[in-house]
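Observations on the model geometry
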Amino acid sequence: MSSTRPPGAAAAVPTDCWYALATSAEVDRRLLAVRALGRPVLLFRTQAGGVVALEDRCAHRAYPLSAGALDDDTVRCGLCGFVYDSGGRCVSVPTQPRVPFGAHVAAYPTLERDGLVWAWLGEPGRARLHRVPELPWLTEPGWATVGGTAGIDAGFLLLHENFADVTQVPFVAPEIAPAALADAPPPLEVVVTETTVELGRTFPASPLPGWQAQMLGVADAQGATVQRAFFHSPAVWTDHWDVEHGAGTARMRFTQLVTPVDGRRSHLHWRVSRDFAIDDPAADERMHSMFGDYYERVQAAMETAQAVLDLDGPGREVNVAADVAALRVREIVRGMLADEGQAFARDQNRP
Amino acid sequence: MAETRTTLREHEAELVVASVTAVAGGVRELRLADESGTGLPPWTPGAHVDLVLGDLVRQYSLCGDPTDASSYTVAVLREQESRGGSAFVHEKLAEGSKVTMRGPRNHFPLVSAPSYQFIAGGIGITPLLPMIAEADASGADWHLTYGGRTRGSMAYADLLAGYGDRVTLAPADEVGLLDLAWILGDPGSGTLVYCCGPEPLLAAVDAVCEKAWPPGALHLERFAAKAADAPADGERAFELVLAGSGVTLQVPPDKSVFDVIQDAGISVLGSCHEGICGTCEQAVLEGEVDHRDSVLNESEKAANDAMMVCVSRCLSDRLVLDL
């Protein structure tokens, strides 16, 4: 297979999608500024505990509301003193009794689930017609999770295409891959729907990687690994690794939350969850350092790829059969953009 | 490194009929629940699924709530001249029956627009229901004209009445046939037309839009193949080149492009094999396609850059696909 990367496909970002903008713990009674989909967003928690997401730019002049102050559940601009309520409406200005007609900033629907703050930056009315993927292992008891956050100079689609290319793992990170991967990769099954892509393969029993055998306390054990990977939406990629070893099944969940900062920059929140050695700080440290290294390598590779695209533009690409998952992801994103974009430019802020 | 063998297939799940409801004369609504606990894939308005009904595979639009991860809803009309699918649904399926579902897929997506004209004929209302919910939630200006034989034959008429004067119900025994020239009389800039219903309605809407509406404004969906007969002098053979795979194959008169690709061991998706579901679409690099499907519209066919390999063939001697 060969195809020409569609011009602009890596630059436009689907807006009809729930994106994770922060962790629940990061959003409190302080004003938190984040960037997503080419816009500045202000996050804070109301006195009642709800999460508010507002456009982080005063309607009066170019100034971030996040540089102002939170009074009860209203935000006061640090430059001009305009005050906004949690729905984004301007409720008072310092220089006149009457609030200028129509003064407001955009308010974005939010929801909190699995320890994450999700926001909908598309047409607000459509938010309730779309789901947020369920990631129960992030907060359920019986799991231990380590993670980190990286600002990556690469577009969200490059990241997803990388996650879709499971054949890269032995090249990018030979020490974490199952031994069986190096010489006899098992068949790869790709399962598609309108909005999702799933990959699966089963590795025959082979010696567990040293770190895993050690954490499981089953040195020299053989383990058959079932790997499944899911593209849920442009915001979420997850990988499931279930290792059946002599003493049971050890489960790992890799959660990659991708939030496009704009068309060529992304925020990656990565989480590695496991259901073994859960009360073991040394295991936490080991996992964090091992997979932190892995995501750093992914970051470096993707930034290099983005730099090539920036410098020389999209080019003709040769694909192999194993790329079918990455190509389906691209097709889904292209379809989302077509459904949103062809029409009426509701969204003036699109990068 | 050894070869990684890759197979591609559509999502498939065994669902359980959780409820059966009569929603109009001859129309049964089925709620199909996922009992595996893994959850059903998300879909968007206009999507459909395959249901495996005994030896048959039939396509039905999803007409429930897109945020429901535990069940899908379809509504099925008992066709007078059933090819077996609707009879199976009406006679064999009951609460507790198990049904294999494939998909969802969507070849009738709702493109964002400031305004819409929705036109439904009979059971063609099903894909339009979630579209209407989305258009309404988006704050778009929209109108639905819904025709049917009689008021009692029109599924979801009560639910739609809740939208007030955005909806015009037009039972033929009360008001006659739809006045399409009037309904489509104002090709407003940016307005899109979405139509689903029986073939004569689709053909009539197509004809009106062809004359008066901008290209691309009309979106329609067929659930029965348009008649596309083989040429009188018989089918021809041609050469098939799969550019990405680097193989050259021969398509004999009695085999489809799809079968030839599959026989060569190359992974390709397919479902209805009648040119109506759109699953097997492939990009065309070279060759004059003889389109026989009911998925692509006239301008998409003329573009000659995609084809449904289950039924369409080639008028030139060589067909090159991006596969």
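Residues numbered from 1 in each chain as written. Chains lettered and ligands numbered in written order. Predicted model: local features only at pLDDT ≥ 70, side-chain atom pairs only at ≥ 80, totals over all residues. Heavy atoms only, no water.

Quick notes on the side chain of Ser256(B)
Residue and element names in this part refer to chain B. Within the secondary structure, Ser 256 sits in the loop between β14 (247–251) and α7 (257–263). On the basis of relative accessibility, which here comes to 15%, the residue Ser 256 falls in the buried class. Separated by 3.0 Å, the side chain of Ser 256 and the backbone nitrogen of Asp 259 make a polar contact. Non-local contacts of Ser 256, meaning those with residues more than four positions away in its chain, are made with Val 251, Val 309, Cys 310 and Arg 313. (Helix = DSSP H or I, 4+ residues; strand = E, 2+ residues; numbered from the N terminus. Buried < 20%, exposed > 50% of the residue type's maximum accessible area, 1.4 Å probe, protein only. Polar contact = N/O pair within 3.5 Å; in protein donor to acceptor, adjacent residues only side chain to side chain. Contact = heavy atoms within 4.5 Å.)

Considering the environment of Leu315(B)
Positionally, Leu315(B) belongs in the loop between β18 (313–314) and β19 (318–321). Between the C-alpha atoms of Leu315(B) and Gly287(B), which are 28 residues apart in sequence, the distance is 7.5 Å.

Observations regarding the pairing of β14(B)
Residues and elements named next belong to chain B. Bridging between strand β13 (residues 238–242) and β14 involves five bridges; their strand directions are antiparallel. Its bridge partner being in β14, Phe 238 is matched across the sheet by Val 251. The hairpin turn running from β13 into β14, its antiparallel successor, is four residues long, and Gly 246 in that turn takes a positive phi close to 70°. (Pairing = 2+ DSSP bridges.)

What about the nonpolar core?
If you look at the biggest cluster of nonpolar residues, it comprises 87 residues, and the most contacted ones within it are Trp118(A), Met252(A), Val272(A), Met287(A) and Phe291(A). No other element matches the nine residues that helix α5 (residues 281–312) of chain A contributes to this core. In this structure Met287(A) touches Val146(A), Trp211(A), Met215(A), Met252(A), Val272(A), Arg274(A) and Gly292(A), once residues within four positions along its chain are discounted. Core analysis: the next-biggest nonpolar cluster, separate from the first, contains 30 residues, Val27(B), Leu110(B), Ile132(B) and Trp142(B) among them. (Core = buried A, V, L, I, M, F, W, Y, C linked by side-chain atoms within 4.5 Å.)

Looking at the domain arrangement of chain B
Residues and elements named next belong to chain B. Segmenting chain B into domains produces domain 1 (12–105), domain 2 (115–221) and domain 3 (238–321). For domain 1 versus domain 2, the separation of C-alpha centres amounts to 23 Å. Each partner contributes residues to the interface: domain 1 has 15 residues there, and domain 2 has 13 residues. Summing both sides of the interface, domain 1 and domain 2 together bury roughly 1100 Å²; the carbon and sulfur share of this comes to 62%. (Domains from an automatic or database assignment. Buried area = accessible area lost by both parts, 1.4 Å probe.)

Some remarks on the domain arrangement of chain A
All names here are of chain A. As assigned here, chain A comprises domain 1 (18–129) and domain 2 (136–341). Domain 1 and domain 2 are separated by 33 Å when their C-alpha centres are compared. The interface of domain 1 with domain 2 comprises 14 residues on the first partner and 14 residues on the second. For the pair domain 1 and domain 2, the summed buried area comes to about 1100 Å², and 64% of that belongs to carbon and sulfur atoms. Between the two partners, domain 1 and domain 2, sit zero salt bridges. Inspection of the domain 1/domain 2 interface yields four residue pairs in polar contact (both at pLDDT 80 or more). In terms of residue count, strand β2 (residues 18–23) provides more of the side of domain 1 that touches domain 2 than any other element does, five residues in total. By residue class, the composition of the side of domain 1 that touches domain 2 is eight nonpolar, three polar and three charged. (Salt bridge = Lys/Arg side-chain N within 4 Å of Asp/Glu carboxyl O. Nonpolar A, V, L, I, M, F, W, Y, C, P; charged D, E, K, R; others polar.)

Notes on the packing of helix α1 (residues 156–164) of chain A against α5(A)
Residue and element names in this part refer to chain A. Relative to each other, α1 and α5 sit at 130°, their axes nearing to 10 Å. It follows from the interaxial angle that α1 and α5 lie oblique. The handedness of the crossing between α1 and α5 is right-handed. Of the residues in α5, those touching α1 at Leu 158, Leu 159 and Asn 162 are Val 298, Met 302, Ala 305, Gln 306 and Leu 309. (Axes fitted to C-alpha atoms, helices over the stretch in contact; angles between N-to-C directions. Parallel < 35°, antiparallel > 145°, perpendicular 65-115°, else oblique. Left-handed = near helix turned anticlockwise from the far one by under 90°.)

What about the sheet that holds strand β3 (residues 32–36) of chain A?
All names here are of chain A. An order of β3-β4-β5-β10 is seen for the four strands of this open sheet, with the pairing classed as antiparallel. The strands lining the two open edges of the sheet, one partner per strand, are β3 and β10 (107–108). Where strand β4 (residues 39–45) and strand β5 (residues 51–55) come together, five bridges link them in antiparallel fashion. Paired with Phe 44 across the two strands is Val 52, which belongs to β5.

Here we look at helix α2 (residues 125–137) of chain B
Residues and elements named next belong to chain B. Compared with an ideal rise of 1.5 Å per residue, which puts 13 residues at 18 Å, α2 spans 18 Å between its outermost C-alpha atoms and is within 8% of the ideal. The buried fraction of α2 amounts to eleven of the 13 residues, a majority that puts the element mostly inside the structure. Among the residues of α2, those classed as buried are Ile 125, Thr 126, Pro 127, Leu 128, Leu 129, Pro 130, Met 131, Ile 132, Glu 134, Ala 135 and Ala 137. At the exit of α2 stands Gly 139, carrying a positive phi of roughly 80°. (Expected span 1.5 Å × (residues − 1).)

Some thoughts on the state of the cysteines
Here, the word disulfide means a covalent bond between the sulfur atoms of two cysteines. Residues and elements named next belong to chain B. Considering all chains together, one arrives at zero disulfides over all chains under this definition. Of all cysteine sulfurs in the structure, the one in Cys 310 sits closest to Cys 280, which takes part in no disulfide; the separation is 3.7 Å. A disulfide-free cysteine, Cys 314 has its sulfur positioned 15 Å from the sulfur of Cys 280, the nearest such atom. (Disulfide = S-S within 2.5 Å.)

Here we look at the confidence of the model for chain A
Residues and elements named next belong to chain A. On average, residues of chain A score 87 in pLDDT, and 87% of them are at 70 or above. For residues 1–10, every residue scores under 50 in pLDDT, and the model assigns this stretch 36 contacts once sequence neighbours within four places are set aside. Here residues 342–351 is modelled with pLDDT under 50, and outside its nearest four sequence neighbours on either side it reaches 25 contacts, counting other chains as well. (pLDDT = per-residue confidence, 0-100.)

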